[in-house]
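Coordinate analysis (summary)
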Amino acid sequence: MTIEHRCEIAVVGSGPGGAVAACLLAEAGRDVLLIEEGSDLSQESCGAFSINELLQKYRHGGATTLLGPSKIAYVEGCVVGGGSEVNSGLYHRTPPAVLADWKQRFRLESASEADLAPYFDRLERDLSVGYWPGPAPAVARKLSLGASQVGLVSREAQRMFAYGQVRKEAAVPWERQSMSKTYIPRALAAGTALLPRTRIASLGRINGRWVLKGRQADRAAIEVQAQTVFLACGAVQTPALLRRSGLSRCAGQTLALHPMIKVAAEFDEPVNDNTGVIAAEQVKLPNGGSLGCSASSPSNLALTLLDHDPGTASRWRRLGAYYVMAPGGGQGAVRLIPGFSDPLPCYRLSNSERRCLAAGLGTLCEALFAVGARAVFPSISGLGALLSLNDLSRLDVSLDDSRLRLTTVHLLASCPIGETRESVADSFGGVHGHDGLYLCDASSLCGPVGVNPQGTIMAFAARNTMRFLGKA
Amino acid sequence: MRWRPAVVSALAYSFCEEAAAGHRDMGAPYNDVARFVAREEAAMPDHLRLGVRLATLAFDLASIPREGRRFHRLPQDRRIARLNRWRRSCFSACRDFIRFYQALSIYALYSRLDPVLSRETAP
């Protein structure tokens, strides 16, 4: 038996893009069905960055890898609220230089800094974007001081946190403003119907309506009929759905990301209070890369130390985890393999990314040694611990693809919007050649952002949705 | 016990005993780690899962010519020797196979030291 639904607008995916679109559409009086593959779980259903979070809220339990010369581990949220439920809540506006680049390369219309400013202003109010009011954690202070010792400046990123709004008896008065705390409750209050644990496998146009076919978690078949569809399944699943449905040959021909390499540093004194924080200190490098703090729980440290001695993680109170991030620029794609249902994302690092990571690693190690690190452990196979500045020369010969242990949490731009032949959709997300089909997620960005992309994804989703509603 | 859970459990126990190194919070039994590794393997994308399962079978059988028994039936010292052989293999697929199971096992083992954090206690 097939479960059938009819609605005016189906939004597929409830992450930052889909949640914003569903909310704005419902508040404009439209009949919206929000479909999500993951479960409907509260933020409090498991600990932050815990093993249970991995099992409950990540696609494929987090066991996902981009194939290529360097295998890059990546993670995606798969829960109502998407990636916003599992990330660190850091917020950036799109850098103006990135918008200018997109305008030039994709002839993107109405996407200047000034065009997007009203959407960012609104987001920042809705998400309580601001700086952490307390003192920075010790791992962040080490990075900040170390950066200044090597002539760089560290800055704190803003967060999507509400301060002082949780109950009085809570130990700490703040709450992360993920989609399940903000736009999804608003969408539901405005009449949106939510359909969790439902995977859409294909969509097609029949008699002037979109027909979405899929299955629910209990294997029941489902069919949704809608006049309009907004796709927000993320940079891997959106192009896979378009390709599987025969709707776009360009979808998935590109894929951008921000490759990261993790580094653990051991100090003589305790630096890790392990409160679950990912400290928000970030250092911008002259080559476009950046340095920052990473999750420093014992389990995450053990993974970072896998190519050294994972047992070092038992001294986790004296260890901090950091990262070097390159701004993107390699070549990626999302492919389908006949006979398999899951898409296969691939990526090849560019030489500029390799150089950026190498230079960033050197700078980060210098900064950490300058503030008293006794050993630094980059995630590079066969490198060994770096014990002094003299050991930095070993970094130069170790950056071949097969030895780098890279990760990423930002996958983007697999269905870029714009007005060129390479664009999958027009400047406002309308998929070329298909009426009533829109993109509003990370896939629709034109390239890497160089900073945490959630703010950019949400601003473009709001802009595209308001344009659809005739309000922009 | 069916062969795949038995091999996954043997791998998880081997990596945990290697990494625990007398740490008092890291002692056996490692059934929690083995269960986590099995769940993660089952949750992988289908194309990767097929490759991992075939590699797991190959790894289990590969000890027969030299040891006379499948990997999951070997004593711990011989298991470690087999792991080290694949770790140092000239084939990257063998090294990646070992790294995959080691990463999951070590992550689950050290998560025993993670405090229980709710989203409200961060940062």
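Here is what the cut-offs are and how they apply
Residues numbered from 1 in each chain as written. Chains lettered and ligands numbered in written order. Predicted model: local features only at pLDDT ≥ 70, side-chain atom pairs only at ≥ 80, totals over all residues. Heavy atoms only, no water. Helix = DSSP H or I, 4+ residues; strand = E, 2+ residues; numbered from the N terminus. Buried < 20%, exposed > 50% of the residue type's maximum accessible area, 1.4 Å probe, protein only. Contact = heavy atoms within 4.5 Å. Areas by Shrake-Rupley, 256 points an atom, 1.4 Å probe, with all protein chains shown as cover. Lys, Arg positive; Asp, Glu negative; His and termini not counted. Charge placed at Lys NZ, Arg CZ, Asp CG, Glu CD. Buried area = accessible area lost by both parts, 1.4 Å probe. Salt bridge = Lys/Arg side-chain N within 4 Å of Asp/Glu carboxyl O. Polar contact = N/O pair within 3.5 Å; in protein donor to acceptor, adjacent residues only side chain to side chain. Pairing = 2+ DSSP bridges. Axes fitted to C-alpha atoms, helices over the stretch in contact; angles between N-to-C directions. Left-handed = near helix turned anticlockwise from the far one by under 90°. Nonpolar A, V, L, I, M, F, W, Y, C, P; charged D, E, K, R; others polar. Expected span 1.5 Å × (residues − 1). Core = buried A, V, L, I, M, F, W, Y, C linked by side-chain atoms within 4.5 Å. Patch = residues over 30% accessible without salt bridge, like charges linked within 9 Å, V, L, I, M, F, W, Y side chains within 5 Å. pLDDT = per-residue confidence, 0-100.

1. Points about the overall build of chain A
When you go through chain A residue by residue, the secondary structure sums to eleven helices and 24 strands. Here chain A, with 472 residues, has 62% of them falling under the buried criterion. In chain A, 72% of the contacts between residues at least 6 apart in sequence involve partners at least 24 apart. On chain A, roughly 17,400 Å² of surface is accessible, and the fraction owed to carbon and sulfur atoms is 49%. Computed over 47 positive and 42 negative side-chain charges, the inter-centroid distance for chain A is 3 Å.

2. Focus: the overall build of chain B
In terms of helices and strands, chain B carries six helices and zero strands. Helices and strands in chain B line up, N terminus first, as α-α-α-α-α-α. With respect to the three principal axes, the spread of C-alpha positions in chain B is 55 × 35 × 30 Å. The buried share among the 123 residues of chain B stands at 51%. Surface exposure of chain B reaches about 5,900 Å², of which carbon and sulfur atoms provide 55%.

3. Focus: the interface of chain B and chain A
Tallying the contact residues gives 31 residues for chain B and 54 residues for chain A. Summed over both sides, the interface of chain B with chain A buries roughly 3,800 Å², with 61% coming from carbon and sulfur. Inspection of the region where chain B meets chain A yields two salt bridges. The salt bridge partner of aspartate 307 of chain A is arginine 99 of chain B, with a shortest N-O separation of 2.8 Å. Here chain B and chain A share eight residue pairs in polar contact (both at pLDDT 80 or more) between them. Every element with two or more residues in the side of chain B that touches chain A is listed here: α2 (31-43), α3 (46-61) and α6 (92-110) of chain B. Sort the elements by how many residues they give to the side of chain B that touches chain A and α6 of chain B lands first, with eight residues.

4. Describing the pairing of strand β16 (residues 281-284) of chain A
Within a regular strand, the side chains alternate between the two sheet faces. All names here are of chain A. Pairing between strand β7 (residues 154-156) and β16: three bridges, direction antiparallel. Directly across from arginine 155, in β16, lies its bridge partner glutamine 282. Across three bridges, β16 lies against strand β17 (residues 290-293) in antiparallel orientation. Opposite lysine 284, over in β17, you have serine 290 as the bridge partner.

5. Describing the packing of helix α1 (residues 3-20) of chain B against α6 of chain B
Residues and elements named next belong to chain B. As a packed pair, α1 and α6 sit with axes 9 Å apart at the nearest point and diverge in direction by 65°. Between α1 and α6 lies a crossing of right-handed hand. Of the residues in α6, those in contact with Val8, Leu11, Ala12, Phe15, Cys16, Ala19 and Ala20 of α1 are Phe97, Ile98, Tyr101, Gln102, Ser105, Ile106, Leu109 and Tyr110. Here the residues of the contact of α1 with α6 sort into 13 nonpolar, two polar and no charged.

6. Some details on the pattern of salt bridges
Using the criterion set out here, one finds 28 salt bridges over all chains in the structure. The partner of arginine 186 of chain A in a salt bridge is glutamate 27 of chain A, and the shortest N-O contact between them spans 2.9 Å. Placement of arginine 186 of chain A in helix α6 (residues 183-189) and of glutamate 27 of chain A in helix α1 (residues 16-27) is noted, with a sequence separation of 159 residues between them. In this structure, arginine 70 of chain B engages aspartate 60 of chain B in a salt bridge whose closest nitrogen and oxygen atoms are separated by 2.9 Å. Linking arginine 70 of chain B in the loop between α4 (64-67) and α5 (76-87) with aspartate 60 of chain B in helix α3, this pair joins segments that are ten residues apart in sequence. What emerges from the salt-bridge pattern is a single network uniting Glu37, Arg59, Glu76, Arg199 and Asp342 of chain A.

7. Description of α6 of chain B
Between its terminal C-alpha atoms α6 of chain B stretches 26 Å, which fits the 27 Å expected from 19 residues at 1.5 Å a residue. With 15 of its 19 residues buried, α6 of chain B lies for the most part within the structure.

8. Brief notes about unusual backbone geometry
For the bond running from alanine 28 of chain B to proline 29 of chain B, omega is 5°, close enough to zero to count as cis. With respect to the helices and strands, proline 29 of chain B occurs in the loop between α1 and α2. Positive phi values are uncommon outside glycine, yet phenylalanine 49 of chain A reaches one of about 55°. Along the polypeptide, phenylalanine 49 of chain A turns up in the loop between β2 (32-35) and α2 (51-57). Here the phi dihedral of asparagine 207 of chain A falls at roughly 50°; this positive angle occurs in a residue that is not glycine.

9. Overview of α1 of chain A
Residues and elements named next belong to chain A. Taking 1.5 Å per residue as the helical rise, α1 with its twelve residues ought to reach 16 Å, and the 17 Å between its terminal C-alpha atoms agrees with that figure. When you tally the buried positions in α1, you get eleven out of twelve residues, the bulk of the element. Within α1, burial applies to Pro16, Gly17, Gly18, Ala19, Val20, Ala21, Ala22, Cys23, Leu24, Leu25 and Ala26. Residues of α1 that are buried in the fold lie against β1 (2-12), β2, α6, β13 (221-231) and α11 (454-468). Backbone geometry just after α1 places glycine 29 at a positive phi near 90°.

10. Some words on the nonpolar core
In terms of nonpolar packing, the biggest core is built from 77 residues, with Leu212 and Val229 of chain A touching the most fellow members. When residues in this core are grouped by element, the largest group, eight residues, is from α1 of chain A. Aside from chain neighbours lying at most four places away, what touches valine 229 of chain A is Ala10, Val12, Leu203, Trp210, Leu212, Gly436, Leu437 and Tyr438 of chain A. Counting 54 residues, the second-largest nonpolar core is a separate cluster that includes Ile51 and Ala63 of chain A together with Met26 and Phe100 of chain B.

11. Some thoughts on a nonpolar patch on the surface
All names here are of chain B. On the surface, Leu57, Leu61 and Ile64 cluster together to form a nonpolar patch covering roughly 210 Å² of accessible area. Secondary-structure assignment places leucine 61 in helix α3. Relative accessible area serves as the criterion here: at 37%, leucine 61 is assigned to the partly exposed category.

12. Side note on the confidence of the model for chain B
All names here are of chain B. Residues of chain B with pLDDT of at least 70 account for 91%, and the chain-wide mean is 90. Summarising per-element confidence for chain B, the mean pLDDT is lowest in α1 (94) and highest in α2 (97). Across residues 117-123, confidence stays below pLDDT 50; counting only partners more than four residues off in sequence or on other chains, it has 33 contacts. On the interface metric, ipTM, the complex scores 0.93, and its pTM is 0.95.

13. So, the environment of leucine 386 of chain A
Residues and elements named next belong to chain A. Considering the arrangement of structural elements, one finds leucine 386 in the loop between β21 (375-378) and α10 (393-396). The class of leucine 386 is buried, set by a relative accessible area of 0%. Along the primary structure leucine 386 and arginine 374 are separated by twelve residues, whereas in three dimensions their C-alpha atoms are 8.7 Å apart. Setting aside chain neighbours within four positions, we find leucine 386 in contact with Cys365, Phe369, Ala375, Val376, Pro378, Asp391, Leu392, Arg394 and Leu395.

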